Amino acid sequence: MTGATRLTTLDNGMRIVTDAMAGLHSAAVGLWVTAGGRHERAEQNGIAHFLEHMAFKGTPTRSAARIAEAIEDVGGYINAYTSREMTAYYARVLAADVPLALDVVADIVLNPLFAAADIETERHVILQEIGQTLDTPDDIVFDWLQEAAYPDQPIGRSILGPPGRVQGFGAADLRGFVAEQYAPGRMILAAAGAVDHDRIVAQASALFGGLAPRPVAPAVPATFASGERREARDLEQVHVTLAFEAPAHRDPDFFTAQAFATAMGGGMSSRLFQKLREERGLCYAIYAQAHSYDDSGLLTVYAGTGAEDIGALAALTVDEFRRAAGDITDAEVARARAQLRAGVLMGLEGPSSRVERLARMVAIWGEVPPVEDTVAKIDAVTTAGVRAYASRLAGRRLAAMAITGPIDGAPALDQLLGRLAD
């Protein structure tokens, strides 16, 4: 590691990583636990997210209101999120209040009450959240895409969980998931901004050092598969998503896939935006992105279009993916590299984005690689490499699709895969 980034591992396996940023008056600090939706058993689906909610409902020393007030009284904010591979609890405060933020984060993670009344209240909140997602087609279609890509696997299930499961969770279920997954070896305490590494390590040792190390079960491996989910709805637009398998975090093709996705649908200058929206007027929104997991990944395309245009839009999207294997240009790849490089470097300018990167890098690599190494890997992506990647992607004839809205005119996945191979 270079610069002001420092990493310490406690005796129980918990990792503490900080990045002191000169000239700042504030800091971001949080706890990232490498346990998320994909670490749930089928009967637990949604419990990781439920647990994240319950952390804010009270501890023996702080009520739910006092948790929020403790941070907001000093002008900061506190929040959390659950993903398929992580759950994060984090705060942003002024420099003098970093010890307070760390104490509050530790308290809500280590000492949640799980009071019966609070569980019932939060259950209702989560059911409302699920209902909102179901009512938002450009949200729910991605849950369906995930399920189609990884059928009957933990990584393919919804993070929120099905309403029937959420209805049945109780305190014993929450405590059971904590006991199974929240081992210190899965915890990464990260801080960036106006922070002092040694002071944070000392406080973290006092707060977390008493946790006993223990083994945890590995996640069920991900296996990408072709599949589709189609649901007719009375909507103004068809919402369609298409996914191909993308490289995992540590795959040598990681940045090649990122560059390909960016060139295809990463902005207004991208191929799909220009060809399908600007030249043909087939949609308002269309984009592509590559997302990686520990052992797999998804390169996804999303578009919203009218029922009369879905056939042409789907066909032309597949055509552009097929053509890219032979005609993606040096200029397109150079522009994609520039966007990726800028995204990395701009993300270093704020403590919130930097602390997220710290935790993510430690989770993936066990350390924080120098940013120069990351930029060098981006700059090493070549046009020939991107074309080869596009060719392999098309040649596999494996994809997943999810689509909702007035879908009578939408092609089947098999039709699109046949067109991809032509």
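Scroll up to find the structure this text is about.
A brief report on the enclosed structure follows. (Residues numbered from 1 in each chain as written. Predicted model: local features only at pLDDT ≥ 70, side-chain atom pairs only at ≥ 80, totals over all residues. Heavy atoms only, no water.)

## Quick look at the overall build of the protein chain
Within the protein chain, the regular secondary structure consists of 16 helices and 11 strands. Its C-alpha atoms give the protein chain a radius of gyration of 23 Å, near enough to 22 Å, the size a compact globule of 422 residues would have. Counting only C-alpha atoms, the protein chain reaches 65 × 50 × 40 Å along its principal axes. Per-residue burial over the protein chain gives 52% buried out of 422 residues. As displayed, the protein chain offers around 17,700 Å² of accessible surface, 52% of which is attributable to carbon and sulfur atoms. Mean positive and mean negative side-chain charge positions of the protein chain (38 and 53 charges, respectively) differ by 4 Å. (Helix = DSSP H or I, 4+ residues; strand = E, 2+ residues; numbered from the N terminus. Rg over C-alpha atoms; globule rule 2.2 N^0.38 Å. Buried < 20%, exposed > 50% of the residue type's maximum accessible area, 1.4 Å probe, protein only. Areas by Shrake-Rupley, 256 points an atom, 1.4 Å probe, with all protein chains shown as cover. Lys, Arg positive; Asp, Glu negative; His and termini not counted. Charge placed at Lys NZ, Arg CZ, Asp CG, Glu CD.)

## Considering the packing of helix α2 (residues 64-72) against helix α3 (residues 98-110)
As a packed pair, α2 and α3 sit with axes 10 Å apart at the nearest point and diverge in direction by 160°. In terms of their interaxial angle, α2 and α3 are classed as roughly antiparallel. Like other packed secondary-structure pairs, α2 and α3 cross with a definite hand, here left-handed. Between α2 and α3, the residues in contact are Ile67, Ala70 and Ile71 and Leu100, Ala101, Val104 and Ile108, respectively. Residue composition of the contact of α2 with α3, grouped by class: seven nonpolar, no polar and no charged. (Axes fitted to C-alpha atoms, helices over the stretch in contact; angles between N-to-C directions. Parallel < 35°, antiparallel > 145°, perpendicular 65-115°, else oblique. Left-handed = near helix turned anticlockwise from the far one by under 90°. Contact = heavy atoms within 4.5 Å. Nonpolar A, V, L, I, M, F, W, Y, C, P; charged D, E, K, R; others polar.)

## Observations concerning empty space enclosed by the protein
As enumerated under the stated definition, the model contains three cavities of 30 Å³ or more in all. Taken as a whole, the largest cavity encloses approximately 80 Å³ of empty space. If you trace the largest cavity, you find it lined by Val240, Thr241, Leu242, Val301, Tyr302, Ala303, Leu313, Ala314, Thr317, Val318, Met401 and Leu416. The residue inventory of the lining of the largest cavity, partitioned by class, reads 10 nonpolar, two polar and no charged. By volume, the second largest cavity amounts to about 50 Å³. As for the second largest cavity, its lining consists of Thr262, Ala263, Gly266, Gly267, Ser269, Ser270, Arg271, Glu332, Arg335, Ala336 and Gln339. Residue assignment for the lining of the second largest cavity shows that the elements contributing at least two residues are α9 (254-265) and α12 (330-347). Class assignment of the residues belonging to the lining of the second largest cavity gives a composition of two nonpolar, six polar and three charged. (1 Å grid on protein atoms, 1.4 Å probe; cavity = no way out; pocket = protein on both sides within 12 Å on 5 of 7 lines; lining within 4 Å. Points joined across faces, edges and corners; volume = space filled by probe spheres on them.)

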